[in-house]
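Listed below are the residues making up each chain.
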Amino acid sequence: MTVIDRFLQYVKFDTQSDELTNMTPSTPGQMIFARELEKELRAMGLSDISLDDNGYLMATLPSNIDREVPTVGFIAHLDTSPDMSGRHVSPRIVKEYDGGDITLNAAEGIVLSPAQFPELLDYKGEDLIVTDGTTLLGADDKAGIAEIISAIDYLQHHPEVKHGNIRIAFNPDEEIGKGAHKFDVERFAADWAYTMDGGEVGELEYENFNAAVAKVTFKGCNVHPGYAKHKMLNSIRVANQFIIMLPRWETPEHTEGYEGFYHLVSIEGSVEQTVLTYIIRDHDRDRFERRKKELEHLTRKINNEFPGCASIEIKDQYYNMREKIEPIMHIVDIAIQAMKDAGITPKVQPIRGGTDGAQLSFKGLPCPNIFAGGHNFHGRYEFVPIPSMEKAVKVIVEIARIVAER
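The present account deals with the structure reproduced in this document. Just so it is clear, the structure is predicted and the values come from calculations on it, not from any experiment.

Conventions we followed
- Residues numbered from 1 in each chain as written.
- Predicted model: local features only at pLDDT ≥ 70, side-chain atom pairs only at ≥ 80, totals over all residues.
- Heavy atoms only, no water.
- Disulfide = S-S within 2.5 Å.
- Buried < 20%, exposed > 50% of the residue type's maximum accessible area, 1.4 Å probe, protein only.
- Pairing = 2+ DSSP bridges.
- Helix = DSSP H or I, 4+ residues; strand = E, 2+ residues; numbered from the N terminus.
- Axes fitted to C-alpha atoms, helices over the stretch in contact; angles between N-to-C directions.
- Contact = heavy atoms within 4.5 Å.
- Polar contact = N/O pair within 3.5 Å; in protein donor to acceptor, adjacent residues only side chain to side chain.
- Expected span 1.5 Å × (residues − 1).
- 1 Å grid on protein atoms, 1.4 Å probe; cavity = no way out; pocket = protein on both sides within 12 Å on 5 of 7 lines; lining within 4 Å.
- Points joined across faces, edges and corners; volume = space filled by probe spheres on them.
- Nonpolar A, V, L, I, M, F, W, Y, C, P; charged D, E, K, R; others polar.
- Phe/Tyr/Trp six-rings, centres within 6.5 Å; stacked < 30°, edge-to-face > 60°.
- Lys NZ or Arg CZ within 6 Å of the ring centre and 35° of its normal.

## Points about the state of the cysteines
Enumeration over the complete set of coordinates arrives at zero disulfides. Not engaged in a disulfide, the cysteine Cys309 finds its nearest cysteine sulfur in Cys221; these two sulfurs lie 11 Å apart. Residue Cys309 is classed as buried on the basis of its relative accessible area, which comes to 3%.

## Structural notes on the sheet that holds strand E17 (residues 383-385)
With respect to topology, three strands assemble into an open sheet ordered E4-E7-E17, the strand pairing being antiparallel. Because the sheet does not close on itself, it has two edges, and the strands there are strand E4 (92-94) and E17. Neighbour to neighbour, the strand axes of the sheet diverge by 25 degrees on average, direction disregarded. The pairing of strand E7 (residues 128-130) with E17 spans three bridges and is antiparallel. When the bridges of E17 are listed, Ile129 appears paired with Val384. Across the sheet, helix H1 (residues 3-10) lies against E4, E7 and E17, angled at about 5 degrees from E7, the strand it touches most. Across the sheet, helix H10 (residues 386-405) lies against E4, E7 and E17, angled at about 65 degrees from E17, the strand it touches most.

## Observations regarding the side chain of Gln30
Inspection of the secondary structure assignment puts Gln30 in helix H2 (residues 28-44). Polar contacts involving the side chain of Gln30 include one to the side chain of Ser26, which spans 3.3 Å. Residues within four places of Gln30 in sequence aside, it is in contact with Asp14, Thr15, Gln16, Ser17, Pro25, Leu78, Asp79, Pro172 and Asp173.

## Focus on H2
Spanning 17 residues, H2 covers 25 Å between terminal C-alpha atoms, matching the ideal 24 Å at 1.5 Å per step. Of all the residues in H2, the buried ones are Gly29, Gln30, Met31, Phe33, Ala34, Leu37, Glu38, Glu40, Leu41 and Met44. On its buried face, H2 is in contact with H1, strand E1 (47-51), strand E2 (57-61), helix H3 (139-157) and strand E8 (166-171). Immediately downstream of H2, the backbone of Gly45 shows phi near 85 degrees, a positive value.

## Side note on the layout of surface pockets
In this structure, the largest pocket spans a volume of roughly 2,000 Å³. For the lining of the largest pocket, the elements supplying multiple residues, two or more each, are strand E9 (192-198), strand E10 (203-205), strand E11 (210-219), strand E13 (273-282), strand E14 (310-318) and helix H9 (356-362). Among the elements that line the lining of the largest pocket, the one with the most residues is E14, at six residues. Taken together, the residues of the lining of the largest pocket break down into eleven nonpolar, 17 polar and 18 charged. Taken as a whole, the second largest pocket holds about 170 Å³ of empty space. If you trace the second largest pocket, you find it lined by Met1, Thr2, Val3, Ile4, Arg6, Ser150, Asp153, Tyr154, His157, His158, Glu390 and Val393.

## Digging into the sheet that holds strand E15 (residues 347-348)
Strands sit in the order E1-E2-E8-E3-E9-E16-E10-E15 across an open sheet of eight strands; the sheet is mixed. Bordering the open sheet on either side are E1 and E15, each of which pairs with just one other strand. Two elements, E10 and E15, share two bridges in a ladder whose sense is parallel. Looking at the pairing, Glu203 lines up with Lys347 of E15. With respect to the sheet, helix H8 (residues 330-341) is in contact with E9, E10, E15 and strand E16 (369-371), its orientation differing from that of E9 by roughly 50 degrees. In the packing of H10 onto the sheet, the strands contacted are strand E3 (72-77), E8, E9 and E16, and the crossing angle to E16 comes to about 135 degrees.

## Looking at the packing of aromatic side chains
For the structure on display, the rule yields twelve aromatic pairs. Three or more aromatic residues link up through ring pairs in this structure, and these residues are Tyr10, Phe13 and Phe33. Between the NZ or CZ atom of Arg248 and the centre of the ring of Trp249, over which it lies, the distance is 4.4 Å. One cation-aromatic arrangement involves Arg285 over Tyr319; the distance from NZ or CZ to the ring centre is 3.9 Å.

Everything listed here is a matter of geometry and, on its own, says nothing about what the molecule does.
The structure is reproduced here in structure tokens:
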């Protein structure tokens, strides 16, 4: 079975995560998928296979050399984003993409166009897997799962490629920030690992945002509007005042690279109460801490004008794994060499987001992130070039080989 066969099979599983259920995994489809993967791994004859009640699936490809080398791990997540439906995914292969528009859904007029997504032109002449325009595709991160299992299958059938023990793991709920929460690092027992969860070919990331979520609550006082003078306090209006106090250019749509931001992700409000939910992101830890303090400062300013109106709750989500990776940069160097050996130009860059690898790195499992090959994750315009997935398989194989040689 090829990496493409596996991927097309895996995307049929509905594995959207849901942050509101407070369960692990957060949705039953993830466990159904994990059980099917467990069957596949057992049929392949892997060792130390375990699937716990929280949906964490682990297995080992035993070493084929007679000396001790580090145990390296490869990790991908089972869930797809809750941003768009992952049910009844109907992928289609576009053969030898010609560089023009791709009609995803003629009935609804949904078109994947290089005018909107110019990166499409980088893959002219290649076979692409696209959606039917009504769901996401699921390359984030079922491409990663397919690539890891395909690489393991390749190593099993090519004993001339020497490798040490290789651990693999598939976890739930990465898309809601909980993928690493119940990951048993001690049981995984790898010296380090790589998440196969990046985007385009060549991506290699060992830096990510520091991240927090903030909820700012405004209490109002509702009075009949005809008699409200000097009595009503409209929490929606106060919340709007808070919103415009933040710097308008420090938002996702105005930032790139290492630039951080405040991102207002939801507003729930009435005259009596309004709640703003922000995510706070910055690569630099000091700036990250200052951003949190700024929100607290603005909350105090609101309360100076409207006593007792505003309250804030800030919760850290994850931190920049760079501080855990830099002391052991050889694990990044190995991935860079593996890409070069596979004929790929490495693109080392910071993640403008998060990854399970960040939390795992702080739990004692250093874990840079490698490309899985997809584009436009979390929506109907998601696509993955087939050669990109095949190259990801080669990178995994090369990493295993290099670790054994060194």
